[in-house]
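# Structural overview
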Amino acid sequence: MKVLIINGSPRVNGNTTIAVREMEQTFAKEGVEVETVQIGNQDIRGCIACGSCGKSGKCVFDDAVNQLAPKFEEADGLVIASPVYYASANATLIACLDRLFYSTSFDKTMKVGASVVCARRGGCSATFDELNKYFTCCVCQKRRLLCNL
Ligand SMILES: Cc1cc2nc3c(=O)[nH]c(=O)nc-3n(C[C@H](O)[C@H](O)[C@H](O)COP(=O)(O)O)c2cc1C
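A brief structural summary. The shown structure was predicted, so the numbers you read here are calculated from the model rather than taken from an experiment.

### A word on the environment of E22
- Here E22 lies in helix α1 (residues 15–29).
- By C-beta crowding, E22 is classed as exposed, having 11 other C-beta atoms within 10 Å.
- In this structure the C-alpha to C-alpha distance between E22 and I5, which are 17 residues apart in sequence, comes to 12 Å.

Okay, structure coming up:
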(Lines give C-alpha, C1' and ligand atoms only; values in the text may rest on other atoms or scores of the structure.)
Protein backbone atom coordinates (compact mmCIF):
# COMPACT_ATOMS: atom_id res chain seq x y z
CA MET A 1 0.00 0.00 0.00
CA LYS A 2 1.21 3.46 -0.88
CA VAL A 3 -0.14 6.87 0.09
CA LEU A 4 0.66 10.18 -1.58
CA ILE A 5 0.38 13.26 0.65
CA ILE A 6 0.10 16.64 -1.04
CA ASN A 7 1.01 19.39 1.42
CA GLY A 8 -0.51 22.66 0.25
CA SER A 9 1.23 24.86 2.79
CA PRO A 10 3.88 27.30 1.55
CA ARG A 11 5.62 27.04 4.94
CA VAL A 12 8.09 24.17 4.99
CA ASN A 13 7.91 23.55 8.74
CA GLY A 14 4.51 25.05 9.40
CA ASN A 15 1.45 23.77 11.21
CA THR A 16 0.18 21.78 8.23
CA THR A 17 3.52 19.98 8.14
CA ILE A 18 3.11 19.09 11.84
CA ALA A 19 -0.25 17.47 11.05
CA VAL A 20 1.20 15.74 8.00
CA ARG A 21 4.07 14.34 10.08
CA GLU A 22 1.56 12.76 12.48
CA MET A 23 0.00 11.00 9.51
CA GLU A 24 3.38 9.93 8.14
CA GLN A 25 4.23 8.34 11.49
CA THR A 26 0.91 6.51 11.67
CA PHE A 27 1.25 5.24 8.10
CA ALA A 28 4.81 4.07 8.86
CA LYS A 29 3.59 2.18 11.96
CA GLU A 30 0.97 0.46 9.82
CA GLY A 31 3.53 -0.47 7.16
CA VAL A 32 2.07 1.89 4.57
CA GLU A 33 4.60 3.47 2.23
CA VAL A 34 4.18 7.23 2.09
CA GLU A 35 5.52 10.04 -0.07
CA THR A 36 4.88 13.68 0.78
CA VAL A 37 5.15 16.43 -1.80
CA GLN A 38 5.01 20.05 -0.68
CA ILE A 39 3.46 22.17 -3.39
CA GLY A 40 2.30 25.31 -1.53
CA ASN A 41 5.70 26.91 -2.05
CA GLN A 42 5.90 26.09 -5.77
CA ASP A 43 5.02 28.17 -8.79
CA ILE A 44 1.84 26.47 -10.01
CA ARG A 45 -0.63 28.32 -12.18
CA GLY A 46 -4.34 27.60 -12.55
CA CYS A 47 -6.21 25.68 -15.24
CA ILE A 48 -6.90 27.65 -18.45
CA ALA A 49 -9.54 25.18 -19.69
CA CYS A 50 -7.68 24.72 -22.99
CA GLY A 51 -8.76 21.08 -23.26
CA SER A 52 -5.27 20.02 -24.33
CA CYS A 53 -5.16 17.33 -21.62
CA GLY A 54 -8.17 15.61 -23.23
CA LYS A 55 -5.97 14.80 -26.23
CA SER A 56 -2.48 14.46 -24.73
CA GLY A 57 -3.41 12.96 -21.34
CA LYS A 58 -1.32 15.53 -19.48
CA CYS A 59 -1.49 19.19 -18.59
CA VAL A 60 -0.20 21.68 -21.16
CA PHE A 61 1.85 23.33 -18.40
CA ASP A 62 4.69 20.94 -17.68
CA ASP A 63 5.31 21.67 -14.01
CA ALA A 64 4.81 19.95 -10.65
CA VAL A 65 1.31 18.84 -11.66
CA ASN A 66 2.64 16.53 -14.38
CA GLN A 67 5.20 15.18 -11.91
CA LEU A 68 2.46 14.44 -9.39
CA ALA A 69 0.22 12.67 -11.91
CA PRO A 70 2.16 9.34 -12.09
CA LYS A 71 2.62 9.36 -8.31
CA PHE A 72 -1.13 9.82 -7.88
CA GLU A 73 -1.87 7.03 -10.36
CA GLU A 74 0.45 4.65 -8.53
CA ALA A 75 -0.87 5.53 -5.05
CA ASP A 76 -3.63 3.60 -3.28
CA GLY A 77 -4.51 6.63 -1.21
CA LEU A 78 -4.27 10.39 -1.46
CA VAL A 79 -4.10 12.87 1.41
CA ILE A 80 -4.61 16.54 0.66
CA ALA A 81 -3.47 18.94 3.39
CA SER A 82 -3.91 22.69 3.48
CA PRO A 83 -3.74 25.72 5.74
CA VAL A 84 -6.98 27.72 5.81
CA TYR A 85 -6.77 31.03 3.95
CA TYR A 86 -9.91 33.16 4.25
CA ALA A 87 -12.04 30.09 4.95
CA SER A 88 -10.64 28.39 1.85
CA ALA A 89 -7.67 26.26 0.89
CA ASN A 90 -4.33 27.67 -0.16
CA ALA A 91 -4.67 29.02 -3.73
CA THR A 92 -1.60 27.22 -5.07
CA LEU A 93 -3.01 23.92 -3.82
CA ILE A 94 -6.32 24.58 -5.56
CA ALA A 95 -4.53 25.45 -8.81
CA CYS A 96 -2.60 22.19 -8.48
CA LEU A 97 -5.62 20.02 -7.67
CA ASP A 98 -7.84 21.50 -10.41
CA ARG A 99 -5.23 20.64 -13.00
CA LEU A 100 -4.19 17.31 -11.45
CA PHE A 101 -7.70 15.91 -11.28
CA TYR A 102 -8.86 17.38 -14.59
CA SER A 103 -5.84 16.37 -16.69
CA THR A 104 -5.61 12.75 -15.52
CA SER A 105 -7.98 10.12 -16.86
CA PHE A 106 -6.85 7.05 -14.87
CA ASP A 107 -9.43 5.38 -12.68
CA LYS A 108 -9.53 6.93 -9.21
CA THR A 109 -12.66 5.23 -7.93
CA MET A 110 -11.00 2.68 -5.61
CA LYS A 111 -8.39 4.99 -4.18
CA VAL A 112 -8.83 6.20 -0.60
CA GLY A 113 -8.95 9.95 -0.06
CA ALA A 114 -8.56 12.09 3.04
CA SER A 115 -8.21 15.79 3.72
CA VAL A 116 -6.39 17.69 6.46
CA VAL A 117 -6.97 21.36 7.22
CA CYS A 118 -5.11 23.62 9.58
CA ALA A 119 -6.33 27.00 10.79
CA ARG A 120 -5.74 29.60 13.44
CA ARG A 121 -9.39 29.89 14.43
CA GLY A 122 -12.07 29.42 11.74
CA GLY A 123 -12.98 28.25 8.26
CA CYS A 124 -11.97 24.62 8.71
CA SER A 125 -15.29 23.04 7.76
CA ALA A 126 -15.62 25.12 4.57
CA THR A 127 -12.06 24.23 3.58
CA PHE A 128 -12.53 20.57 4.48
CA ASP A 129 -15.63 20.49 2.29
CA GLU A 130 -13.77 22.22 -0.54
CA LEU A 131 -10.97 19.67 -0.50
CA ASN A 132 -13.25 16.66 -0.16
CA LYS A 133 -15.07 17.76 -3.32
CA TYR A 134 -12.06 16.58 -5.35
CA PHE A 135 -12.74 13.05 -4.13
CA THR A 136 -16.47 13.16 -4.79
CA CYS A 137 -16.34 15.06 -8.10
CA CYS A 138 -13.72 12.83 -9.70
CA VAL A 139 -16.16 9.91 -9.82
CA CYS A 140 -18.72 11.82 -11.84
CA GLN A 141 -15.98 13.54 -13.85
CA LYS A 142 -14.84 10.11 -14.98
CA ARG A 143 -18.25 9.39 -16.38
CA ARG A 144 -18.87 13.00 -17.50
CA LEU A 145 -22.24 12.87 -15.78
CA LEU A 146 -23.08 15.18 -12.93
CA CYS A 147 -20.46 17.87 -12.90
CA ASN A 148 -20.56 18.69 -16.61
CA LEU A 149 -16.76 18.91 -16.54
C1 LIG B 1 -3.51 34.71 3.75
C2 LIG B 1 -3.91 34.00 5.03
C3 LIG B 1 -5.25 33.82 5.33
C4 LIG B 1 -5.64 33.12 6.49
N5 LIG B 1 -6.96 32.93 6.75
C6 LIG B 1 -7.34 32.25 7.85
C7 LIG B 1 -8.72 32.00 8.13
O8 LIG B 1 -9.61 32.30 7.35
N9 LIG B 1 -9.01 31.35 9.29
C10 LIG B 1 -8.06 30.96 10.19
O11 LIG B 1 -8.41 30.40 11.22
N12 LIG B 1 -6.75 31.13 9.94
C13 LIG B 1 -6.37 31.78 8.79
N14 LIG B 1 -5.02 31.96 8.53
C15 LIG B 1 -4.04 31.38 9.45
C16 LIG B 1 -3.54 30.00 8.97
O17 LIG B 1 -4.59 29.18 8.52
C18 LIG B 1 -2.85 29.30 10.11
O19 LIG B 1 -1.82 30.11 10.62
C20 LIG B 1 -2.28 27.96 9.70
O21 LIG B 1 -1.89 27.26 10.86
C22 LIG B 1 -1.09 28.12 8.77
O23 LIG B 1 -0.61 26.84 8.40
P24 LIG B 1 0.93 26.66 7.96
O25 LIG B 1 1.77 26.90 9.19
O26 LIG B 1 1.04 25.26 7.44
O27 LIG B 1 1.18 27.69 6.89
C28 LIG B 1 -4.63 32.63 7.37
C29 LIG B 1 -3.27 32.82 7.06
C30 LIG B 1 -2.92 33.48 5.92
C31 LIG B 1 -1.43 33.65 5.57
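### Topic: the packing of helix α3 (residues 64–74) against helix α4 (residues 91–103)
- Orientation of α3 relative to α4, taken along the N-to-C sense of each, is 55°, at an axis distance of 10 Å. In terms of axis orientation, α3 runs oblique to α4. The crossing of α3 and α4 is right-handed. Taken together, the residues of α4 that come into contact with α3 (itself represented by A64, V65, L68, A69 and F72) are C96, R99, L100 and S103.
- Here the residues of the contact of α3 with α4 sort into seven nonpolar, one polar and one charged.

### Details of unusual backbone geometry
- Even without being glycine, A49 reaches a positive phi, approximately 55°.
- Here A49 shows up in the loop between β2 (33–38) and α2 (52–56).
- A count of 9 C-beta atoms within 10 Å places A49 in the exposed class.
- With phi around 50°, Y86 is a residue other than glycine that occupies positive phi space.

### Overview of the nonpolar core
- Counting 31 residues, the largest nonpolar core has I5 and C96 as its most contacted members.
- Among the elements of the structure, β1 (2–7), α3, β3 (77–85), α4, β5 (112–118) and α5 (124–143) are those that each provide at least two residues to this core.
- Sort the elements by how many residues they give to this core and α4 lands first, with seven residues.

### A few points about the pairing of β3
- Counted residue by residue, β3 has seven buried out of nine residues, so it is predominantly covered.
- Inspection of the sheet shows β1 paired to β3 by five bridges, in the parallel sense. Residue pairing across strands places N7 opposite A81, the latter belonging to β3.
- Summarising the sheet, β3 and β5 pair through seven bridges and their orientation is parallel. In the strand pairing of β5, I80 is matched with S115.
- Sheet topology note: the β3/strand β4 (residues 88–89) ladder contains two bridges and is antiparallel. Pairing of V84 across the sheet is with A89, part of β4.
- Taking the residues that link successive antiparallel strands as the turn, the β3-β4 hairpin has two residues, and the phi of Y86 there is positive, at about 50°.

### Notes on the pairing of β1
- When you tally the buried positions in β1, you get five out of six residues, the bulk of the element.
- Pairing between β1 and β2: six bridges, direction parallel. Of the residues in β2, the one forming a bridge with N7 is Q38.

Rules and cut-offs
Residues numbered from 1 in each chain as written. Predicted model: local features only at pLDDT ≥ 70, side-chain atom pairs only at ≥ 80, totals over all residues. Helix = DSSP H or I, 4+ residues; strand = E, 2+ residues; numbered from the N terminus. Buried ≥ 20, exposed ≤ 12 C-beta atoms within 10 Å, placed from the backbone. Axes fitted to C-alpha atoms, helices over the stretch in contact; angles between N-to-C directions. Parallel < 35°, antiparallel > 145°, perpendicular 65-115°, else oblique. Left-handed = near helix turned anticlockwise from the far one by under 90°. Contact = placed C-beta atoms within 7 Å. Nonpolar A, V, L, I, M, F, W, Y, C, P; charged D, E, K, R; others polar. Core = buried A, V, L, I, M, F, W, Y, C linked by C-beta atoms within 7 Å. Pairing = 2+ DSSP bridges.

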